Amino acid sequence: MSGPTIRRTTVCVVGGGPAGAMLGLLLARSGVAVVALEKHDDFHRDFRGDTVHPATLQVLDELGLVDRFHELPHQKVTTIGVVQEGRRIDIADFSRLRIAYPYMAFVPQWDFLDLITAEAARHPTYRLFMGTEAVGVLRAADGRVSGVRARGPDGETEVHCALVVAADGRHSALRAAVGARPRLIGRSLDVAFFRISRRSTDPDEGICVRVGNGKIFGATDRGSYWQMSYETVRGGFARVRREGLDAFRSDLAALVPFLADRVHELRSLDELSILEARIDRLDRWHRPGLLFIGDAAHAMSPVAGFGVNLAVQDAVAAANALTAPLLRTQRTGAPFDDTRLAAVRRRRLLATVLSQGLQRGTQRFGIDTTVKEARQPPAPRLFERFGPAQLLMSRVIGVGFRPEHVRTPPAPDQEKDAS
């Protein structure tokens, strides 16, 4: 019986989501040898984060990809609103910001990831293996993480490298493999996603959350359909199932009346795609030879759609901090300096803490007030009465607390021969 396939590289990135895909591109663009592993055969999965913020659009611009991004099917949204007691209140209006891309873009995440990984594949130092799942880590004699054990279409694989980056999401296999346990930040939230068809006569709402009767429905315009969400406290779907499909449809029709003639499109509660929106964070984002980024380091809830943006920002910060020492290791064969890993957490921690704090505050004073107490949340009125609050929230959501910029130059002659 033959042994596992052995691969050697400088960096092994585990996970092909926004954090892993972007980091792989940035490193390969600068000449770092990268092996990327994605456990699924493709990126096509419904109801993944597909909100691309202005700060991420700026990163794509800095990489020369923003025009190609805009060729993808997408919708631009300039406002985020809340409807309560029949009145809409805009809590964010990105058109007020003096930035290059004053809007959110909604694009299927698989198209976004295909764009990023296709660009990475143009560089000769990048290799992506789909359908290849990391199942554990390799360790050197001194206990340092020295690679990854994986299982793919051709059997067992070992990837030996100077650095492993775990970008494998909120249920990170590598996090479990090294015994890293995230700390829960506040209570979990349950969110169900589903689709309802969109008609040309429907209102132009962009992103709108509708609140009332102890229920919260979100509607996002996706062109040919509405991507709907229903938010409740952890375990709240037990009550939904007890009340039944007809009651759920009635609640939807009451809060989103222009969809009342289409609620029958939801044929079963089994069509709801339910996400446990857990907000958590690792206290340490690294071990010797191993770095966590994105949801593997700090899981976000869907509130404000921060997930994709923070994942991309993590990747940019990691590339900025680590590219030079990784190239040195690659060139000289000297051990990678693990002390540089802490710099990524130092750079990204404040933005993460503040973003998660905003999500926790929204849940406590908005979602919990509505669902648990069946009251109208008071927060939206602040944005109606105090104009600067809307401008501040627009910047916080659209740009973030600490936007990152690409600082690493491309290596010369890095593109593969197109012939």
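Rules used throughout
- Residues numbered from 1 in each chain as written.
- Predicted model: local features only at pLDDT ≥ 70, side-chain atom pairs only at ≥ 80, totals over all residues.
- Heavy atoms only, no water.
- Pairing = 2+ DSSP bridges.
- Helix = DSSP H or I, 4+ residues; strand = E, 2+ residues; numbered from the N terminus.
- Phe/Tyr/Trp six-rings, centres within 6.5 Å; stacked < 30°, edge-to-face > 60°.
- Buried < 20%, exposed > 50% of the residue type's maximum accessible area, 1.4 Å probe, protein only.
- Lys NZ or Arg CZ within 6 Å of the ring centre and 35° of its normal.
- Core = buried A, V, L, I, M, F, W, Y, C linked by side-chain atoms within 4.5 Å.
- Patch = residues over 30% accessible without salt bridge, like charges linked within 9 Å, V, L, I, M, F, W, Y side chains within 5 Å.
- Areas by Shrake-Rupley, 256 points an atom, 1.4 Å probe, with all protein chains shown as cover.
- Salt bridge = Lys/Arg side-chain N within 4 Å of Asp/Glu carboxyl O.
- Axes fitted to C-alpha atoms, helices over the stretch in contact; angles between N-to-C directions.
- Lys, Arg positive; Asp, Glu negative; His and termini not counted.
- Contact = heavy atoms within 4.5 Å.

Enquirer: Where do I start with the sheet that holds strand β4 (residues 51–52) in this structure?
Expert: What holds strands together in a sheet is hydrogen bonding between their backbones, with the strands either parallel or antiparallel. Pairing is antiparallel in the open sheet, where 3 strands are placed in the order β4-β8-β5. Looking along the sheet, the strands with just one partner apiece sit at the ends: β4 and β5 (75–77). Pairing analysis gives 3 bridges linking β5 to strand β8 (residues 104–106), with the strands arranged antiparallel. Looking across to β8, one finds that Q75 is bridged to F106.

Enquirer: Just checking my understanding: could you explain the packing of aromatic side chains for this structure?
Expert: Remark: the centre distance and the inter-plane angle together describe each pair of aromatic rings, the angle taken between the planes. Going through the model one piece at a time under the given rule, you end up with 8 aromatic pairs. On the basis of an interplanar angle of 85 degrees and a centroid distance of 6.3 Å, the ring pair of F69 and F112 is categorised as edge-to-face. Taken together, the residues span a long stretch of sequence, with F69 in helix α3 (residues 66–70) and F112 in helix α4 (residues 109–121) at a distance of 43 residues. With a relative accessible area of 0%, F69 lands in the buried category. The class of F112 is buried, set by a relative accessible area of 2%. Through successive ring pairs, a cluster of aromatic residues spans F194, F217, Y230, F237 and F248. Across from the ring centre of Y103, 5.4 Å away, lies the NZ or CZ of K76, which sits over that ring. Sitting over the face of the ring of Y225, R195 holds its NZ or CZ atom 4.2 Å from the ring centroid.

Enquirer: I keep staring at the nonpolar core and nothing clicks. Help me out?
Expert: Buried together is how nonpolar side chains tend to be arranged in soluble globular proteins. In this structure, M22, L23, L60, F69, F112 and L322 are the most contacted members of the largest nonpolar core, which totals 54 residues. Counting residues per element, the ones that place at least two in this core are β2 (11–14), α1 (18–29), β3 (34–38), α2 (54–62), α3, α4, β13 (163–166) and α8 (306–332). With 10 residues, the top contributor of residues to this core is α8. Among the nonpolar cores identified, the runner-up in size contains 22 residues, and V137, C161, V178 and F292 belong to it.

Enquirer: Just checking my understanding: could you explain a nonpolar patch on the surface for this structure?
Expert: There is a patch of nonpolar side chains on the surface, built from L350, L354 and F401 and spanning about 260 Å² of accessible area. Take L350: its relative accessible area is 54%, and that puts it in the exposed class.

Enquirer: Where do I start with the sheet that holds strand β19 (residues 273–277) in this structure?
Expert: An order of β7-β6-β16-β17-β18-β15-β19 is seen for the 7 strands of this open sheet, with the pairing classed as mixed. In this open sheet, the two strands that pair with only one neighbour each are β7 (87–93) and β19. If you compare each strand with its neighbour and ignore which way they point, the axes differ by 25 degrees on average.

Enquirer: Please clarify how the side chain of R287 should be interpreted in this entry.
Expert: The topology assignment puts R287 in strand β21 (residues 286–287). At 8.8 Å, D283 is the nearest oppositely charged side chain to R287, a buried residue that forms no salt bridge. Not counting the four nearest positions on each side in its chain, R287 is found in contact with A180 and L341.

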